[in-house]
Amino acid sequence: AQKITQTQPGMFVQEKEAVTLDCTYDTSDQSYGLFWYKQPSSGEMIFLIYQGSYDEQNATEGRYSLNFQKARKSANLVISASQLGDSAMYFCAMRAYYGQNFVFGPGTRLSVLP
Amino acid sequence: EAQVTQNPRYLITVTGKKLTVTCSQNMNHEYMSWYRQDPGLGLRQIYYSMNVEVTDKGDVPEGYKVSRKEKRNFPLILESPSPNQTSLYFCASSWGDLSNSPLHFGNGTRLTVT
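Cut-off values and rules
- Residues numbered from 1 in each chain as written.
- Chains lettered and ligands numbered in written order.
- Predicted model: local features only at pLDDT ≥ 70, side-chain atom pairs only at ≥ 80, totals over all residues.
- Heavy atoms only, no water.
- Contact = heavy atoms within 4.5 Å.
- Buried area = accessible area lost by both parts, 1.4 Å probe.
- Salt bridge = Lys/Arg side-chain N within 4 Å of Asp/Glu carboxyl O.
- Polar contact = N/O pair within 3.5 Å; in protein donor to acceptor, adjacent residues only side chain to side chain.
- Helix = DSSP H or I, 4+ residues; strand = E, 2+ residues; numbered from the N terminus.
- Nonpolar A, V, L, I, M, F, W, Y, C, P; charged D, E, K, R; others polar.
- Disulfide = S-S within 2.5 Å.
- Buried < 20%, exposed > 50% of the residue type's maximum accessible area, 1.4 Å probe, protein only.
- 1 Å grid on protein atoms, 1.4 Å probe; cavity = no way out; pocket = protein on both sides within 12 Å on 5 of 7 lines; lining within 4 Å.
- Points joined across faces, edges and corners; volume = space filled by probe spheres on them.
- Phe/Tyr/Trp six-rings, centres within 6.5 Å; stacked < 30°, edge-to-face > 60°.
- Lys NZ or Arg CZ within 6 Å of the ring centre and 35° of its normal.

1. Things to note about the interface of chain A and chain B
Piece 1. On the chain B side, the residues contacting the 24 residues of chain A number 25 residues.
Piece 2. When chain A packs against chain B, close to 1800 Å² is buried across both sides, 54% of that on carbon and sulfur atoms.
Piece 3. On the chain A side of the contact with chain B, Arg95, Gln100 and Phe104 of chain A bury the most area, a combined 30% of that side's loss.
Piece 4. Taken together, the connections running from chain A to chain B amount to zero salt bridges.
Piece 5. Taken together, the links from chain A to chain B amount to five residue pairs in polar contact (both at pLDDT 80 or more).
Piece 6. At the level of elements, strand S5 (32-39), strand S6 (46-52), strand S10 (88-96) and strand S11 (102-104) of chain A are the ones that each hand at least two residues to the side of chain A that touches chain B.
Piece 7. Broken down by element, the residue count for the side of chain A that touches chain B peaks at five residues, all from S5 of chain A.
Piece 8. Residue composition of the side of chain A that touches chain B, by class: 13 nonpolar, nine polar and two charged.

Okay, structure coming up:
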């Protein structure tokens, strides 16, 4: 069975600083995908970034990057130059190769301080 | 605009009164699924569908039904709602079930059962 752990229920960061949100996962699959989603206070789920288990380079999307350490089974999200609009809930998720199920972590609530 | 549309956004009902939450996607996606989100638990899968007339249980299917008569629609049915089904519900779709296929979410339905 797959499992996602996010050990930081809440995080604070100063505006314009970088922040790392932790995610560790457990799976016996060799091929899988890792995803991060953002959920602002309005409630919608926004896809941020994807990392494949066989990708050799860490994924980047604008100010978002994924620090993927396969041996440690971690997929931390790094947000550079935080903005007030980054205040939201962030979910780490994974999907197996034939992924009938997306497994989500419990989330980390990020608050960006002015 | 490519989107997943679910209705209603808010729903308050009483125990035992059957209800349906509709979900429609215009991206010709094969895969659709329903999730419920509860504080501290992240998102948990209720049901999923790999294609028309193909549905299967997720992690928390008790008390729910789904159908997939058309590719674009995937309604969630609560035949006899109970207070423990009070939650935030999301419909989501993806082009396939492989691990590199992100989920696209609807805006959510906040259900309260009294």
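2. Considering the state of the cysteines
Piece 1. Counted by the stated rule, this structure contains two disulfides over all chains.
Piece 2. The residue that forms a disulfide with cysteine 23 of chain A is cysteine 92 of chain A, at a sulfur-sulfur distance of 2.0 Å. Judged by the sign of its S-S torsion, about -60°, the bond between cysteine 23 of chain A and cysteine 92 of chain A is left-handed. One end of the pair, cysteine 23 of chain A, is in the loop between strand S3 (19-21) and strand S4 (24-26); the other, cysteine 92 of chain A, is in strand S10, and 69 residues separate them in sequence. Cysteine 92 of chain A matches cysteine 23 of chain A in its accessibility class, with the two residues each being buried.
Piece 3. Disulfide pairing is shown between cysteine 23 of chain B and cysteine 91 of chain B; the S-S distance is 1.8 Å. For the disulfide bridge between cysteine 23 of chain B and cysteine 91 of chain B, the dihedral angle about the S-S bond is near -70°, and by the sign convention the bridge is left-handed.

3. Section: unusual backbone geometry
Piece 1. Residues asparagine 7 of chain B and proline 8 of chain B are joined by a peptide bond in cis, for which omega reads 0°.
Piece 2. Along the chain, the position of proline 8 of chain B falls in the loop between strand S1 (4-7) and strand S2 (10-13).
Piece 3. Positive phi outside glycine occurs at lysine 73 of chain A, with the angle close to 55°.
Piece 4. Within the fold, lysine 73 of chain A resides in the loop between strand S8 (64-69) and strand S9 (74-79).

4. Points about the layout of surface pockets
Piece 1. Roughly 410 Å³ of internal volume is contained in the largest pocket.
Piece 2. Taken together, 23 residues make up the lining of the largest pocket; nearest its centre are Gln39 and Gly43 of chain A together with Gln37, Leu88 and Arg110 of chain B.
Piece 3. If you list the elements that add at least two residues to the lining of the largest pocket, you get S10 of chain A together with strand S4 (31-38), strand S9 (87-94) and strand S11 (109-113) of chain B.
Piece 4. A class-by-class count of the residues in the lining of the largest pocket yields seven nonpolar, 12 polar and four charged.
Piece 5. Considering only enclosed or pocket space, the second largest pocket measures out at about 270 Å³ in volume.
Piece 6. Residue lining of the second largest pocket: 13 residues in total, with Met45 of chain A together with Ala2, Gln3, His104 and Phe105 of chain B positioned closest to the centre.
Piece 7. Of all the secondary structure elements, the ones that give two or more residues to the lining of the second largest pocket are S6 of chain A together with strand S10 (104-105) of chain B.

5. Here we look at the pattern of salt bridges
Pairing between side chains of opposite charge can happen when their charged atoms approach one another.
Residue and element names in this part refer to chain A.
Piece 1. In this structure the tally under the stated criterion is six salt bridges over all chains.
Piece 2. Note that aspartate 26 and lysine 73 form a salt bridge whose closest N and O atoms lie 3.7 Å from each other. Of the two residues, aspartate 26 is situated in strand S4 and lysine 73 in the loop between S8 and S9; the sequence distance between them amounts to 47 residues.
Piece 3. Owing to a relative accessible area of 43%, aspartate 26 belongs among the partly exposed residues under this scheme.

6. Concerning the packing of aromatic side chains
Piece 1. Taken as a whole and assessed by the stated rule, the structure comprises 15 aromatic pairs over all chains.
Piece 2. Note on tyrosine 37 of chain A and phenylalanine 105 of chain B: the rings are 5.4 Å apart at their centroids and 85° apart in plane angle, and the pair reads as edge-to-face. Of this pair, tyrosine 37 of chain A sits in strand S5 while phenylalanine 105 of chain B sits in strand S10, on two different chains.
Piece 3. On the basis of relative accessibility, which here comes to 0%, the residue tyrosine 37 of chain A falls in the buried class.
Piece 4. Judged by centre distance (5.6 Å) and plane angle (80°), the rings of phenylalanine 104 of chain A and tyrosine 35 of chain B are edge-to-face. With phenylalanine 104 of chain A in strand S11 and tyrosine 35 of chain B in strand S4, this residue pair bridges two chains. Each member of the pair, phenylalanine 104 of chain A together with tyrosine 35 of chain B, is buried.
Piece 5. By the ring-pair criterion, three or more aromatic residues cluster together here, those being Phe35, Tyr37, Phe47, Tyr50, Phe102 and Phe104 of chain A together with Tyr35, Phe90 and Phe105 of chain B.
Piece 6. Sitting over the ring of tyrosine 64 of chain A, arginine 63 of chain A keeps its end group 5.8 Å from the ring centre.

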